[in-house]
Amino acid sequence: MTTESGAAYAGTLRRVVGRHPLVTRLQVFEDIGSTNDEGLRLARAGAASGTLLVADRQTAGRGRHGRRWESPQGVGLWFSLILRPELMLNRAFGVTAAAAVALVRLVADLTGVAAGIRWPNDVLVGSGKVAGLLSELGGRGERVDHLVLGVGLNVGQTPGDFPPDLRESATSLSLLVGHNVDRAVALDRFLEFFAPGYVSLVADDGAGVRSEWLRHAPIVDRLVNVDLGEGAGFQGRAAGLAADGALIVDTEFGPREIRAADVRLLRPLSGETR
Ligand code: BTN
């Protein structure tokens, strides 16, 4: 469990972001509802690309599909980065994919452990989720006006810091490596690994980031169960990633592109990322 004060955390973050030109402005909150909510509000009001909002604690952290994201004080890296990439809306997934790849590299760098990506963008070690991403967009015609990249990275939690229903399915960097990991160092690594992928998106239409993403996604080429909700679903072989982030699943009736579903390996091997 990290014990540094809010002021010390803010000071360290300020030094870290000074090394990363991608970040143009930093706001640190001891307490906020959700950095994504604040990021969306600021982005709609015209905030510059590179505005970074970091919270020591969120009281209404949001995950995908309207789920709650547990964001207790002192133990996690909870942030939102406002970006204004020159991309078509249907290529915006590349930003989130670049962030997922950066998180995988960060986990390897700080813990020596290999993480994997679960489509679309969860970062897991074995079956334990260490980070999640929530990107929210505003468009201008068919182009991205602003994208708020929300990152939740579990850094210092011990098992007792997770609510009982998450204890089996969540992990933290400190648990993986066996000692405390500094949240500001984690942010430093994230920005270092994310920036080149982000910058490459415009030049190559996301091809480089997509192939990196595929390298870290253990479901590729494996049999998966696709749960579409309300009892609907099917099984097939995960075959790749479309340019807009859809998962391509080969079925007996031909390939299908999945844009919203719960996708799991049909037969996870023990200890494997699902
Ligand atoms: C998920 O896995 O469902 C996505 C979780 C995203 C959580 C982060 S924490 C910072 C930012 N603010 C939020 O309210 N959510 C994102």
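A brief report on the enclosed structure follows. (Residues numbered from 1 in each chain as written. Predicted model: local features only at pLDDT ≥ 70, side-chain atom pairs only at ≥ 80, totals over all residues. Heavy atoms only, no water.)

**So, the site of the ligand**
Surrounding the ligand, one finds 19 residues, the nearest of these being Ser34, Gln58, Arg62, Arg64 and Lys129. Note that a nitrogen atom of the ligand is positioned 2.9 Å from one of the side-chain N or O atoms of Gln58. In the model, an oxygen atom of the ligand is placed 2.7 Å from a nitrogen or oxygen of the Arg62 main chain. Computed on the free molecule, the ligand has an accessible area of 410 Å², of which 98% lies beneath the protein chains in the complex. At the level of elements, helix H2 (35–44), strand E3 (76–83), strand E6 (128–140) and strand E7 (143–154) are the ones that each hand at least two residues to the shell around the ligand. (Near = heavy atom within 4 Å. Polar contact = N/O pair within 3.5 Å; in protein donor to acceptor, adjacent residues only side chain to side chain. Areas by Shrake-Rupley, 256 points an atom, 1.4 Å probe, with all protein chains shown as cover. Helix = DSSP H or I, 4+ residues; strand = E, 2+ residues; numbered from the N terminus.)

**Description of the pairing of strand E1 (residues 25–32)**
When E1 meets strand E2 (residues 51–58), the two strands line up parallel, connected through seven bridges. If you follow Asp31 over to E2, its bridge partner there is Arg57. Crossover connection from E1 via H2 to parallel E2: handedness right-handed. (Pairing = 2+ DSSP bridges. Right-handed = clockwise from strand over helix to strand, strands pointing away.)

**Things to note about unusual backbone geometry**
With an omega dihedral of 0 degrees, the bond running from Trp119 to Pro120 counts as a cis peptide bond. Relative to the assigned elements, Pro120 resides in the loop between strand E4 (116–118) and strand E5 (122–125). A positive phi is found at Asp221, a non-glycine position, where the angle reads about 75 degrees. In this structure, Glu230 is a non-glycine residue whose phi angle is positive, near 50 degrees. With respect to the helices and strands, Glu230 occurs in the loop between strand E8 (223–229) and strand E9 (232–241). On the accessibility criterion, Glu230 (88% relative accessible area) is exposed. (Buried < 20%, exposed > 50% of the residue type's maximum accessible area, 1.4 Å probe, protein only.)

**Overview of the packing of aromatic side chains**
Here the structure, examined in full by the defined rule, presents four aromatic pairs. Ring geometry for Trp69 against Trp78: centres 6.4 Å apart, planes inclined by 80 degrees, an arrangement best described as edge-to-face. Residue classification places Trp78 among the buried positions, given a relative accessible area of 0%. Here the aromatic rings of Phe194 and Tyr198 are separated by 5.4 Å at their centres, their planes lie at 25 degrees, and the arrangement is stacked. Placement of both Phe194 and Tyr198 in helix H5 (residues 183–204) is noted, with a separation of four residues, approximately one turn of the helix. For the residue pair Phe194 and Tyr198, the accessibility class agrees, reading buried in each case. One aromatic cluster is present, built from ring pairs that chain together Phe79, Phe190, Phe194 and Tyr198. The aromatic ring of Tyr9 is capped on one face by Arg183, whose charged end is 3.6 Å from the ring centroid. (Phe/Tyr/Trp six-rings, centres within 6.5 Å; stacked < 30°, edge-to-face > 60°. Lys NZ or Arg CZ within 6 Å of the ring centre and 35° of its normal.)

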